[in-house]
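What the coordinates show
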Amino acid sequence: MKVALMGLGNVGRNLLRILDEEENRISQACGSAIEIISASDSSGTALFRQPIRPKDLLNAKVKGSFPTGFTEGSIDDVLEMKPDAIIDMSPATKDGNRELGIYLKAIKHGSHIITANKSPLALHWKEIMDEARLNDISILHEATVAGGVPIFNFVKFSCGPSSIITFHGIVSLTANYVLNLMAKGIDFKYAVKKAQEMGIAEADYTDDTSGLDAARKSVILANALYNRNYTLKDIKYSGIEQLSPDDIMEHGKKMRLVTDLKMVNGKFELFSGFRTLQDEDFCLTIGETSLGYELVTNNSGTLRLYSTHDGPRETASAVVNDIMILARSIQR
Ligand SMILES: NC(=O)c1ccc[n+]([C@@H]2O[C@H](COP(=O)([O-])OP(=O)(O)OC[C@H]3O[C@@H](n4cnc5c(N)ncnc54)[C@H](OP(=O)(O)O)[C@@H]3O)[C@@H](O)[C@H]2O)c1
C-alpha cells in the first residue's frame, strides 16, 4: 500500500512513530506493508524513489529537513507515482480550496483520501463526496472529529441497523482544555500556551478559541451521520472569545463547548457553541484533556464513548486505523 503524506507536524510525526513501532502488527493486519513514497510540509514536497522508512523520515524531520536523496516535486508528480492514498495531516485553510484542488486531482488519478484536516470536508463536502462516488474512491476522515475517539467507523461498523436520534458531545480538545483551565482561574493566554506545548493547539489557535474548529467538526458530523450537505455557511457557532471572564468564573465549571445534533419531528437541528449543562450531563464527566460523546439511537441503545486523554498521538492512531481499513479493502 503506497501512501503520500501531507503534513509532518504534531499528527504527522506521531503517525511516523506509530508506523515504525507497530510495523509488524500493521502489515500483518493489512496483508501488506505501508510504503511512504512522498512527504510534504510547508517547505515543499519530497519524492522518494525507494519507499522511505518512517523512522528515517521522522529523524530527518525532527532535525529540520527531509532525508537526503529525495527529488523535489509537486502534487502532480506525487500523483504520477500512483499512491493508493493521500494522507492529509496539513493545516486547515480558511476556504478549504487548497485541499479541495488536491483531493479532486487525487480522485481523478484513482488515489483514495484519508484526512485529519477538517476544512475541505466542512466547506466542500458535496463536491468531494460526489466526485469520490463517481470514481469509486474512499474518503476516510475518522480523525477529523474527536481526535482518537472513534465515531464514523464506530457508527458504520457497530451501529449498522440504527438511526442516530441525537448526538451530544465535546469534540474540540483545545477549546475544552482552555475553558477548563480558565474556569480554574488560569489566564487565557497561559492556558493557550500550555495547550500548544502539549501539541493540542496549533500555532494559530484562533480557529479553536473562536469556535470555528468545533463548528467544522459539527458540519462533518451532520453530513456524515445525518446525510446532510451542510457547509460552514449553514451554521451559527460561538467560541471562547464570546465569553467574558465573569461568565467563565461564574458558570465555567458547568459550561462546555458542545455539539448537539438531533432530529425533532422530522426536522434536523444543529448547535455548536457554549452551553451551561445540567449537573447530570454526561459531558461534565469528560476531563480537560478528553473528548467524548453520547449517541441516542433507535436500535443500539444509548452509547457513551470518551477518551481519558486525547492528543496528537491518539489522532495519528485514528489516521493509521483508516490506512489499515483502506489497505484491507484494497486487498479484497
Ligand atoms: N493536533 C491534533 O491533536 C489534531 C486533532 C485532530 C485533527 N487535527 C488536524 O490535523 C492537521 C494537522 O495538525 P497538527 O497538529 O499536526 O498541525 P501542525 O503541528 O501545525 O503541523 C502541520 C504540518 O503541515 C505542514 N504544512 C504546512 N503547510 C503545508 C502545505 N501547504 N502542504 C503540506 N504540508 C503543509 C507543516 O509543515 P512544517 O513542518 O514545515 O511547518 C507541518 O508539518 C490539522 O488540519 C489539524 O486541524 C489535529
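Conventions we followed
Residues numbered from 1 in each chain as written. Predicted model: local features only at pLDDT ≥ 70, side-chain atom pairs only at ≥ 80, totals over all residues. Heavy atoms only, no water. 1 Å grid on protein atoms, 1.4 Å probe; cavity = no way out; pocket = protein on both sides within 12 Å on 5 of 7 lines; lining within 4 Å. Points joined across faces, edges and corners; volume = space filled by probe spheres on them. Helix = DSSP H or I, 4+ residues; strand = E, 2+ residues; numbered from the N terminus. Nonpolar A, V, L, I, M, F, W, Y, C, P; charged D, E, K, R; others polar. Pairing = 2+ DSSP bridges. Contact = heavy atoms within 4.5 Å. Axes fitted to C-alpha atoms, helices over the stretch in contact; angles between N-to-C directions. Buried < 20%, exposed > 50% of the residue type's maximum accessible area, 1.4 Å probe, protein only. Disulfide = S-S within 2.5 Å. Phe/Tyr/Trp six-rings, centres within 6.5 Å; stacked < 30°, edge-to-face > 60°. Near = heavy atom within 4 Å. Polar contact = N/O pair within 3.5 Å; in protein donor to acceptor, adjacent residues only side chain to side chain. Areas by Shrake-Rupley, 256 points an atom, 1.4 Å probe, with all protein chains shown as cover. Arc of directions from axis to C-beta. Salt bridge = Lys/Arg side-chain N within 4 Å of Asp/Glu carboxyl O. Domains from an automatic or database assignment. Buried area = accessible area lost by both parts, 1.4 Å probe. Core = buried A, V, L, I, M, F, W, Y, C linked by side-chain atoms within 4.5 Å.

We now examine the layout of surface pockets. Of the volumes computed, that of the second largest pocket is approximately 800 Å³. Lining the second largest pocket we find 32 residues, and of these Ile139, Leu140, His141, Lys156 and Ala224 sit closest to its centre. When residues of the lining of the second largest pocket are traced back to their parent elements, those giving at least two are helix H6 (119-134), strand E7 (139-140), helix H7 (152-158), helix H11 (212-226) and helix H13 (312-331). Broken down by class, the residue content of the lining of the second largest pocket amounts to 15 nonpolar, 9 polar and 8 charged.

This paragraph deals with the sheet that holds E7. Strands sit in the order E4-E3-E2-E1-E5-E6-E7 across an open sheet of 7 strands; the sheet is mixed. Looking at strand neighbours, the two that pair on one side only are strand E4 (71-73) and E7, the edges of this open sheet. Each of strand E5 (85-88), strand E6 (112-115) and E7 touches H13; the most contacted strand, E6, lies at about 160° to it.

As for its position among the elements, His112 is in strand E6. Judged by relative accessible area, which is 13%, His112 ranks as buried. Apart from residues lying up to four places away in sequence, His112 is in contact with Asp84, Ala85, Ile86, Asp136, Ile137, Ser138, Leu326 and Ile330.

Evaluated as defined, the whole model comprises 0 disulfides. There is no disulfide at Cys283, and the cysteine sulfur nearest it, in Cys159, is 17 Å away. Residue Cys283 is classed as buried on the basis of its relative accessible area, which comes to 0%.

Let's shift gears to the packing of aromatic side chains. Tallying each qualifying case throughout the model produces 6 aromatic pairs. For the ring pair Phe188 and Tyr205, a centre distance of 6.2 Å and an interplane angle of 70° mean the geometry is edge-to-face. With a gap of 17 residues between them, Phe188 in helix H9 (residues 188-197) and Tyr205 in the loop between H9 and helix H10 (206-209) connect regions that are remote in the sequence. According to the relative accessible area criterion, Phe188 is partly exposed, its value standing at 21%.

Around the ligand lies a shell of 23 residues, among which Leu8, Val11, Ser42, Lys61 and Ser90 are the nearest. At 2.7 Å, a backbone N or O of Ser90 approaches an oxygen atom of the ligand. Contact with the protein chains covers 80% of the free accessible surface of the ligand, which is 900 Å². Those elements that provide at least two residues to the shell around the ligand are helix H1 (10-21), strand E2 (35-41) and H13. For the shell around the ligand, the class distribution of residues is 8 nonpolar, 10 polar and 5 charged.

This next bit is on H9. Taken as a whole, H9 has its buried residues at Ala191, Val192 and Ala195. The buried side chains of H9 occupy one side of the element, clustering within an arc of 100° when seen end-on. Opposite the packed face of H9, turned more than 90 degrees from it, sit the exposed residues Lys189 and Glu197. On its buried side, H9 packs onto helix H8 (173-183) and H10.

Before going further, it helps to spend a moment on the pattern of salt bridges. In a structure, side chains of opposite charge can pair up when their charged atoms sit close to one another. This model, assessed by the stated rule, comprises 17 salt bridges. When the shortest N-O distance is used, the salt bridge between Glu23 and Arg53 registers 3.3 Å. One end of the pair, Glu23, is in helix H2 (residues 23-30); the other, Arg53, is in the loop between strand E3 (44-52) and helix H3 (54-63), and 30 residues separate them in sequence. Judged by relative accessible area, which is 38%, Glu23 ranks as partly exposed.

A word on the domain arrangement of the protein chain. Along its sequence, the protein chain is organised into domain 1 (2-148 + 313-331) and domain 2 (154-309). With 20 residues of domain 1 at the contact, the number on the domain 2 side is 22 residues. Approximately 1700 Å² of surface area, both sides summed, lies buried where domain 1 meets domain 2, with 63% of it carried by carbon and sulfur atoms. Of all residues in domain 1, the largest losses of buried area upon contact with domain 2 belong to Lys118, Ala122 and Trp125, amounting jointly to 32% of the total for that side. Seen at the junction of domain 1 and domain 2, the total is 2 salt bridges. The salt bridge partner of Asp213 is Lys118, with a shortest N-O separation of 2.6 Å. Inspection of the domain 1/domain 2 interface yields 3 residue pairs in polar contact (both at pLDDT 80 or more). Only H6 and H13 provide two or more residues apiece to the side of domain 1 that touches domain 2. The element contributing the most residues to the side of domain 1 that touches domain 2 is H6, with 6 residues.

On to the nonpolar core, then. Residues Ile86, Ile139, Val145, Ile151, Phe167, Leu221 and Leu225 are the most contacted members of the largest nonpolar core, which totals 70 residues. Tallying contributions element by element places H11 first for this core, with 9 residues. If you count residues domain by domain, this core takes at least three from each of domain 1 (2-148 + 313-331) and domain 2 (154-309). Excluding its chain neighbours within four sequence positions, the residues that come into contact with Leu225 are Ile151, Phe152, Val155 and Phe167. With 36 residues, the next largest nonpolar core counts Met1, Leu8, Leu58 and Ile323 among its residues.

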